[in-house]
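# Coordinate analysis (summary)
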Amino acid sequence: ARIGDRVENDGDNSELGKVHLAAISIGYNPTYNNKEKTVEPHLIAGQGHPQRRASSTGETQFQDFYDEAIILSVVGYLRPELPFEGLEKLTAAIKKDIADAEELAGKSDPNVLSEREWVQHSSGKERLGE
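Let me sum up the structure you'll find in this document. (Residues numbered from 1 in each chain as written. Predicted model: local features only at pLDDT ≥ 70, side-chain atom pairs only at ≥ 80, totals over all residues. Heavy atoms only, no water.)

On to unusual backbone geometry, then. Backbone geometry at asparagine 29 places phi at a positive 50°, although glycine is not the residue there. With respect to the helices and strands, the residue asparagine 29 is situated in the loop between β2 (21-27) and β3 (38-44). Judged by relative accessible area, which is 16%, asparagine 29 ranks as buried. (Helix = DSSP H or I, 4+ residues; strand = E, 2+ residues; numbered from the N terminus. Buried < 20%, exposed > 50% of the residue type's maximum accessible area, 1.4 Å probe, protein only.)

Right under this line is the structure:
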């Protein structure tokens, strides 16, 4: 995942323009009975990043990215969409999703590597036919 229109970061402390791994939920979020399908990317800070364990659940927390463009590339499937009984079980599942996403991304699969390259250098319009 890459947040923002710029391809490279200008050296500031912002995460805009940087490429991050993401565990992405695509669906209706049955735990909260959503009626509309959503795409929810959970960006994953790299090991050693100061924001790696900053959230209340001990996972990555960056600044807000509202109104920013996002480029996502889905390169694997982790699990089906499931309802969870309570926030604790949902949080545990998300933590496992993060670990599984990192494991998938750590493999030298040619598709994963080419998608990372595309996210890093693309405007996102190439695959949308624009």
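Right, let's talk about helix α1 (residues 87-106) for a bit. Its 20 residues give α1 an end-to-end C-alpha distance of 28 Å, which sits within 8% of 28 Å, the value for a rise of 1.5 Å per residue. Every buried residue belonging to α1 is among Leu90, Thr91, Ala93, Asp97, Ile98 and Ala101, and all of these are buried. Burial along α1 is one-sided: seen end-on, the buried residues are contained in an arc of 160°. Set apart from the buried face of α1 by more than 90 degrees, the exposed residues are Glu88, Lys96, Glu103 and Gly106. Of the surrounding secondary structure, the elements contacted by the buried residues of α1 are β2 and β3. (Expected span 1.5 Å × (residues − 1). Arc of directions from axis to C-beta. Contact = heavy atoms within 4.5 Å.)

Counting through the fold element by element, lysine 95 comes out in helix α1. Here the alpha-carbon distance between lysine 95 and alanine 23, two residues 72 residues apart in the chain, equals 9.5 Å. Residue contacts for lysine 95: discarding those within four places in its chain leaves Thr57, Gly58 and Glu59.

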